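Remarks on the overall topology
If you want the building blocks of each chain, they are given just below.
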Amino acid sequence: MITLRTDDGTGYIVDWINMTRLTNAGIMGAAKQAVASGARVMVTGIRIRSVAERRQLAPKFKGDVDPNTVEARSIRRVDDSFSWPPSPGAYTLNCDGK
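Residues numbered from 1 in each chain as written. Predicted model: local features only at pLDDT ≥ 70, side-chain atom pairs only at ≥ 80, totals over all residues. Heavy atoms only, no water.

As a further point, take the overall build of the protein. A tally of helices and strands in the protein yields three helices and five strands. If you list the helices and strands of the protein from N to C, you get β-β-α-α-β-α-β-β. Taking all 98 residues of the protein together, the buried fraction comes to 19%. Sequence separation of at least 24 residues holds for 54% of the intrachain contacts in the protein that already meet a minimum separation of 6. (Helix = DSSP H or I, 4+ residues; strand = E, 2+ residues; numbered from the N terminus. Buried < 20%, exposed > 50% of the residue type's maximum accessible area, 1.4 Å probe, protein only. Contact = heavy atoms within 4.5 Å.)

A word on the layout of surface pockets. The space that makes up the largest pocket amounts to roughly 390 Å³. Here the lining of the largest pocket gets four residues from one element, more than from any other, and that element is strand β1 (residues 2-5). By residue class, the composition of the lining of the largest pocket is eleven nonpolar, four polar and three charged. (1 Å grid on protein atoms, 1.4 Å probe; cavity = no way out; pocket = protein on both sides within 12 Å on 5 of 7 lines; lining within 4 Å. Points joined across faces, edges and corners; volume = space filled by probe spheres on them. Nonpolar A, V, L, I, M, F, W, Y, C, P; charged D, E, K, R; others polar.)

This part is about the environment of M42. Among the structural elements, M42 can be located in strand β3 (residues 41-47). Counting along the chain gives 38 residues from M42 to D80, while the straight-line C-alpha distance between them is 10.0 Å. Residue contacts for M42: discarding those within four places in its chain leaves S74, I75, R76 and V78.

Structure below.
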């Protein structure tokens with residue numbers, strides 16, 4: 001998770017991939033430096049589903065949802081020193097039922 005604040009002061013939580021995936025991709029060190037406190041970054045993504053939408057998919061969902069949470073699709077430092085665009089095969093779904 002990354003916490004960021006826009007120029008107008010609005011706060012967002014960015015839900016990024018887990019640290020194991022960053023480590024396995026060989027970019028953990030660069031990622032840590034890229035999103036260090038004070039770094040200017042651009043994030044594209046989608047807003048997380050509301051509680052009502054989540055309960056439609058998972059009726060037993062009991063948690064809360066911060067409406068300012070974004071699921072990251074790309075992260076880039078404004079100075080272009082780092083970018084993270086997921087490759088098309090980065091998220092392979094396991095649909096074999098195991």
